[in-house]
Amino acid sequence: MLLKTFFPFGLSVSWQHAAQLQCKNEELSTWLLDTGSLTERLEAISTQFSVELLGQGKLPLDRSEKLLLNSEDTEQWQIREVILYGDGVPWVFARSVLPVELCSTSLANLGNKPLGKRIFNDPSFLRSEFEVGELKTHPLTQRSSNDQTLYARRSLFTFDGSSVLVAEAFLPDCPCYKTRFD
Ligand SMILES: C=C(O[C@@H]1C=C(C(=O)O)C=C[C@H]1O)C(=O)O
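Everything numeric in this text was worked out from a predicted model, so none of it was measured.

Participant: Sorry if this is basic, but what is going on with the packing of aromatic side chains here?
Facilitator: Each pair of aromatic rings is reported with the distance of its centres and the angle of its planes. Taken as a whole and assessed by the stated rule, the structure comprises five aromatic pairs. Relative to Phe-170, the ring of Trp-31 lies with its centre 6.3 Å away and its plane at 80°, an arrangement referred to as edge-to-face. Of this pair, Trp-31 sits in helix α1 (residues 26-32) while Phe-170 sits in strand β8 (residues 162-170); the two residues are 139 residues apart in sequence, bridging distant segments of the chain. Judged by relative accessible area, which is 4%, Trp-31 ranks as buried. When its relative accessible area of 0% is taken as the criterion, Phe-170 is described as buried. On the numbers, 4.3 Å between centres and 20° between planes, the contact of Phe-125 with Phe-159 is stacked. You can see Phe-125 sitting in the loop between α5 (115-119) and β5 (126-127) and its partner Phe-159 sitting in strand β7 (residues 151-159), a full 34 residues away along the chain. Neither Phe-125 nor Phe-159 differs from the other in exposure class; each is buried. Over the ring of Trp-31 we find Arg-41; its NZ or CZ atom is 4.0 Å from the centre of that ring.

Participant: Is there a simple way to think about the UniProt feature "binding site: substrate" (unreviewed entry) in the chain in this case?
Facilitator: On the UniProt side, "binding site: substrate" (unreviewed entry) is annotated at positions that read Arg-80, Leu-115 and Glu-168 here. Spanning 89 residues, the named residues nonetheless gather at one spot, since no C-alpha pair among them exceeds 12.0 Å. Residue position: Leu-115 is located in helix α5. Assessed through its relative accessible area of 9%, Leu-115 is described here as buried. If we skip the residues at most four places from it in the chain, Leu-115 touches Arg-80, Ser-96, Leu-98, Leu-107, Leu-110 and Val-166. With respect to the helices, strands and loops of the structure, Glu-168 is situated in strand β8. Here Glu-168 is in contact with Leu-38, Val-92, Phe-93, Ala-94, Arg-127, Tyr-151, Ala-152 and Arg-153, once residues within four sequence places are set aside. Separated by 2.7 Å, the side chains of Glu-168 and Arg-153 make a polar contact.

Participant: Would you mind showing me how to read the site of the ligand here?
Facilitator: Surveying the vicinity of the ligand reveals 14 residues, the closest of which are Leu-38, Thr-39, Arg-80, Leu-115 and Glu-168. Contact distances for the ligand include 2.8 Å between an oxygen atom and a backbone N or O atom of Leu-38. Within the side chain of Arg-80, a nitrogen or oxygen atom sits 2.7 Å from an oxygen atom of the ligand. Burial of the ligand by the protein amounts to 100% of the accessible area it has alone, namely 390 Å². Going through the elements one at a time, α2 (38-44), β3 (77-86), α5 and β8 are the ones with two or more residues in the shell around the ligand.

Rules behind the numbers
Residues numbered from 1 in each chain as written. Predicted model: local features only at pLDDT ≥ 70, side-chain atom pairs only at ≥ 80, totals over all residues. Heavy atoms only, no water. Phe/Tyr/Trp six-rings, centres within 6.5 Å; stacked < 30°, edge-to-face > 60°. Helix = DSSP H or I, 4+ residues; strand = E, 2+ residues; numbered from the N terminus. Buried < 20%, exposed > 50% of the residue type's maximum accessible area, 1.4 Å probe, protein only. Lys NZ or Arg CZ within 6 Å of the ring centre and 35° of its normal. UniProt positions renumbered as here; feature names shortened; annotations may be inferred. Contact = heavy atoms within 4.5 Å. Polar contact = N/O pair within 3.5 Å; in protein donor to acceptor, adjacent residues only side chain to side chain. Near = heavy atom within 4 Å. Areas by Shrake-Rupley, 256 points an atom, 1.4 Å probe, with all protein chains shown as cover.

Structure below.
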């Protein structure tokens, strides 16, 4: 199935501050609140990590993105959506809002290369606190077992006066849902 034809997928989450997270699964909490690079964490537990670019381009922000970025201007931003795979299994859906000025400089020509490699290799990017939430229905999670609650997180990276919003939804097969006893 050509997932790119469905771009943009969007991401529907009721975001809340991480301090209000009610998650009984300790392992999952460490994933949701990990301030390091998610790419590096997934690379460390897979033999073959890959990024599938679903699409990137100037598109309207959703309501919660507009509120957080305090912007209505569609000319100012690019939306980037990807799936991160570990050993061929879809583990994370990520939707990022990138300032157009960075798309031709420090974030130029990303393609299927992970955004995290740029952001975490540049100390100028400063990360905000996380917001977290339960993932409502999403095209990429239809086959999860009905009772599996899926989670997402997002944070802002500020860089030289610009803001990059990165939201990551942990898909059903992501190792973050595996308890130590699985
Ligand atoms: C911010 C990171 O980059 C990852 C890669 C992304 C991409 O390539 O678009 C988006 C979100 C992240 O899961 C990270 O590795 O922590």
